[in-house]
Amino acid sequence: MRLAYETWGRLAPDASNAVLVLHALTGDSHVAGPAEPGHPTPGWWDGLVGPGRPLDTDRWFIVVPNVLGGCQGSTGPSSPRPDGRPWGGSFPYLTQRDMVTAEVQLADELGIDRWALVTGGSMGGMRALEWAVMHPDRTGALLLLATTAAASAEQIALASVQLHAIRSDPGWRGGDYHDAAPGQGPHAGLGTARRLAHITYRSEAELQARFGRRPQDGEDPWRSGRYQVESYLDHHADKLVRRFDAGSYVVLTEAMNGHDVARGRGGTREALRRVTARTLVAGVDSDRLYPLAQQAELAAGIPGADRLRVIESPSGHDGFLTEIEQVGALVRELLEG
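All values derive from a computational prediction rather than experimental measurement.

J.: Help me out: how do you make sense of the overall build of the chain in this one?
T.: A tally of regular secondary structure across the chain gives 11 helices and 7 strands. Here the chain has a C-alpha radius of gyration of 20 Å; the compact-globule value for 337 residues is 20 Å, and the two agree. Of the contacts formed within the chain by residues at least 6 apart in sequence, a portion of 72% connects residues at least 24 apart. A total of about 14500 Å² of accessible surface is found on the chain, and carbon and sulfur atoms cover 51% of it. Positive and negative charge centroids in the chain, built from 33 and 41 side chains respectively, lie 1 Å apart.

Rendered as structure tokens:
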């Protein structure tokens, strides 16, 4: 098993200043900094990490792993098996707990017995929660953003359509497409999956305000042209297809569908009672994918949690990524407390 990661800052001699940041579905280890070889996009939480920022690298040692099953350096479906061929469709089913187990091994290798803070949003929040439940003695503080105790029926339904789009692409080949000629993989299916996902990541009000019914410049929707919102979705689909593996998208989406902190633990209430970390739970007021009621359940069920915090944003679920100032204030509250 290989787990890619990046770090910022310097680990204290007693390893007491380590912070674990966990990315969402199509994120990676590159939380801060410009685009670079191996990371075609800038840091996804760039305004949060650096000297004088909420995750102050003059004080804290920031660790960001690429999730097991991913495609940015960690072992995933595109990685070689012992025989040298890509895992492809034979890559095993993963749970959020499997991913945390891999991250525990990383922490051990780095000599970190206890994180000062574990944080993440969406799928990253699922893993952060599992960290606090599986290893309460190793989780000092916990910040959960736009996440849930268990995937809901609607979340599973929306994800299942995305999985169907990928698996229905003739280029999918049962997941064994990594040796295909350039352009022959399941790119159309992955693009369709991303279009649907991106609609759920934003809010109706934001899409209406930004695009309305306006046609794309130089195009006529009544004559095979596109509306601006269609062009917007095409853009995000094209970006993802260029940087992300469809096999990883399937593996990680299935892991999100399977997320249930209550599994094997006597119910959600009993599972959340295992958390001993000082905890803040926050949701986004316009999030239609992970609604505030799901974060309210977490805040009410975790013994060390303060009241539910609400991030105000027109951006929907993506508000946990875009509202840096509000998220940063939560980070400071936990770390400075």
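J.: What am I meant to see in the side chain of R138 here?
T.: By the element assignment, R138 lies in the loop between α2 (123–134) and β5 (141–145). Given the relative accessible area of 11%, R138 is considered buried. In contact with R138, other than residues within four places in its own chain, are V104, A107, D108, I112, D113, R114, W115 and W131.

J.: Even after reading the chapter, I still don't get the UniProt feature "active site" (unreviewed entry) in the chain, so can you show me in this structure?
T.: Using the residue numbers shown here, the UniProt feature "active site" (unreviewed entry) corresponds to S122, D287 and H317. On the basis of their most widely separated C-alpha atoms, the annotated residues across 196 residues gather in one place, lying no more than 11.0 Å apart. Mapped onto the elements, H317 comes out in the loop between β7 (309–311) and α10 (319–322). Judged by its relative accessible area of 2%, H317 is buried. At 2.7 Å, the side chain of H317 and the side chain of D287 are in polar contact.

About the criteria used
- Residues numbered from 1 in each chain as written.
- Predicted model: local features only at pLDDT ≥ 70, side-chain atom pairs only at ≥ 80, totals over all residues.
- Heavy atoms only, no water.
- Helix = DSSP H or I, 4+ residues; strand = E, 2+ residues; numbered from the N terminus.
- Rg over C-alpha atoms; globule rule 2.2 N^0.38 Å.
- Contact = heavy atoms within 4.5 Å.
- Areas by Shrake-Rupley, 256 points an atom, 1.4 Å probe, with all protein chains shown as cover.
- Lys, Arg positive; Asp, Glu negative; His and termini not counted.
- Charge placed at Lys NZ, Arg CZ, Asp CG, Glu CD.
- Buried < 20%, exposed > 50% of the residue type's maximum accessible area, 1.4 Å probe, protein only.
- UniProt positions renumbered as here; feature names shortened; annotations may be inferred.
- Polar contact = N/O pair within 3.5 Å; in protein donor to acceptor, adjacent residues only side chain to side chain.

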